[in-house]
Amino acid sequence: MSEVKLTAETRTEFGKGAARRIRREDKVPGVLYGHGAEPVHLTLPGHDLLMALRTPNVLISLNVDGKTELAIPKAVQRDALRQGILKHVDLLIVKRGEKVTVEIPVQTEGELAPGANLLEHVLNTLPVEAEATHIPTEVTVSIAGLDAGASVLAKDIPLPKGVTLAVEDDAVVLQVLAAQAEEAPAEGEAEGDAAAEA
């Protein structure tokens, strides 16, 4: 997992007006916290942060006033209408070798068994515990040949070395649903409709 280097500035202005001014300058207000330290209010570079957040659970090497901290995003607020606009970000300080609990996206590969079955993502992300500098970007699950009624449990998903589940083993992650067949109208109804139209 690669680190993304960002430079942030501490901020002393708070409130909606200050946040709007920061965003007008293509910057994002944020807060850095963790490890018992007092929360530090930051101004982060908007475009660089947006690019970094394309990677889930990205590890950020953050330079704040000449001091470097490792952090991962914990909460990201985006504009409700324009997802490319960041409103605020919470960053959690992490240390090398430290285990953290994060949610990683679940991807699928392969085709379901023949038939018009539907795949339901019960969990879009899988809660796991991983070393802060080795958080996987995603997990991939094969759904090849799965038929209606089949399900994939958390314990069935292969995890990289050093990564453990942070959810019950028998939690359902994916399940295959039988397609709902449309009911054909009864013969009497169809004839009645035709007579009405004539």
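This is a predicted model, so every value here is computed, not measured.

Peer 1: Any details on the overall build of the protein chain? Residues and values, ideally.
Peer 2: Looking only at helices and strands, the protein chain has 3 helices and 13 strands in total. Taken across its 198 residues, the protein chain has 34% of its residues classed as buried. Restricting to contacts in the protein chain with at least 6 residues of sequence separation, those with at least 24 account for 63%. For the protein chain, the accessible surface area stands at approximately 11900 Å², while carbon and sulfur atoms represent 49% of it.

Peer 1: Before we move on, could you go through the side chain of Asn57 and cite the residues and values that matter?
Peer 2: Take Asn57: it is sitting in the loop between helix H2 (46-52) and strand S4 (59-64). For Asn57, the side chain forms a polar contact with the main-chain oxygen of Glu103, separated by 2.9 Å.

Peer 1: Outline the pairing of strand S5 (residues 67-78), supporting the account with residue identities and numerical values.
Peer 2: Note that S4 and S5 share 5 bridges and pair antiparallel. Paired with Leu62 across the strands is Glu69, a residue of S5. In this antiparallel pair of consecutive strands, S4 and S5, the connection spans 2 residues, and Asp65 shows a positive phi of 50°. In terms of strand pairing, S5 meets strand S6 (residues 86-94) through 8 bridges, oriented antiparallel. In the strand pairing of S6, Ala75 is matched with Asp90.

Peer 1: Describe the nonpolar core, naming the residues involved and giving the relevant values.
Peer 2: Among the nonpolar cores identified, the biggest contains 24 residues, and Ile72 and Leu126 are the most heavily contacted of them. When contributions to this core are tallied by element, the ones reaching two or more residues are S5, S6, strand S7 (99-109), strand S9 (125-131), strand S10 (139-142) and strand S13 (172-177). If sequence neighbours within four positions are ignored, Leu126 has contacts with Val102, Glu103, Ile104, Val106, Val139, Ala154, Ile157, Leu159, Leu165, Val167 and Val173. With 18 residues, the next largest nonpolar core counts Leu44, Val58, Val64 and Ala71 among its residues.

Peer 1: Requested: an account of the pattern of salt bridges, with residues and values cited.
Peer 2: Counted under the stated rule, the structure contains 4 salt bridges. In this structure, Glu3 and Arg96 form a salt bridge, with 2.7 Å as the shortest nitrogen-oxygen distance. One end of the pair, Glu3, is in strand S1 (residues 3-10); the other, Arg96, is in the loop between S6 and S7, and 93 residues separate them in sequence. For Glu3, a relative accessible area of 30% gives the class partly exposed. For Lys67, the salt bridge goes to Glu69, with nearest N and O atoms at 3.5 Å. Taking relative accessible area as the criterion, Lys67 reaches 53% and is therefore assigned exposed.

Peer 1: Would you mind going over the sheet that holds S7 in detail, with residue names and values included?
Peer 2: Reading across from one edge, S10-S7-S9-S12 is the order of the 4 strands in this open sheet, with mixed pairing throughout. Either end of the sheet is taken by a strand with one partner, and the two such strands are S10 and strand S12 (164-165). Where S9 and S12 come together, 2 bridges link them in antiparallel fashion. From the neighbouring strand, Val128 faces S12, where its bridge partner is Leu165.

Peer 1: Please provide a residue-by-residue account of unusual backbone geometry, values included.
Peer 2: A positive phi angle, close to 55°, is found at His35, a residue other than glycine. Here His35 lies in the loop between strand S2 (27-34) and strand S3 (37-45). For His35, a relative accessible area of 44% puts it in the partly exposed group. At Asn57, a position not held by glycine, the phi torsion is positive, near 55°. By relative accessible area, which is 11% here, Asn57 ends up buried.

Peer 1: Give me the sheet that holds S6: which residues, what numbers.
Peer 2: With respect to topology, 6 strands assemble into a closed barrel ordered S1-S3-S2-S6-S5-S4, the strand pairing being mixed. With strand direction ignored, the average angle separating the axes of adjacent strands in the sheet is 45°. In this sheet, S3 lies alongside S1 in antiparallel orientation, the contact comprising 2 bridges. Each residue of the ladder has a partner; that of Glu9, found in S3, is Thr43.

What counts and what doesn't
Residues numbered from 1 in each chain as written. Predicted model: local features only at pLDDT ≥ 70, side-chain atom pairs only at ≥ 80, totals over all residues. Heavy atoms only, no water. Helix = DSSP H or I, 4+ residues; strand = E, 2+ residues; numbered from the N terminus. Buried < 20%, exposed > 50% of the residue type's maximum accessible area, 1.4 Å probe, protein only. Contact = heavy atoms within 4.5 Å. Areas by Shrake-Rupley, 256 points an atom, 1.4 Å probe, with all protein chains shown as cover. Polar contact = N/O pair within 3.5 Å; in protein donor to acceptor, adjacent residues only side chain to side chain. Pairing = 2+ DSSP bridges. Core = buried A, V, L, I, M, F, W, Y, C linked by side-chain atoms within 4.5 Å. Salt bridge = Lys/Arg side-chain N within 4 Å of Asp/Glu carboxyl O. Axes fitted to C-alpha atoms, helices over the stretch in contact; angles between N-to-C directions.

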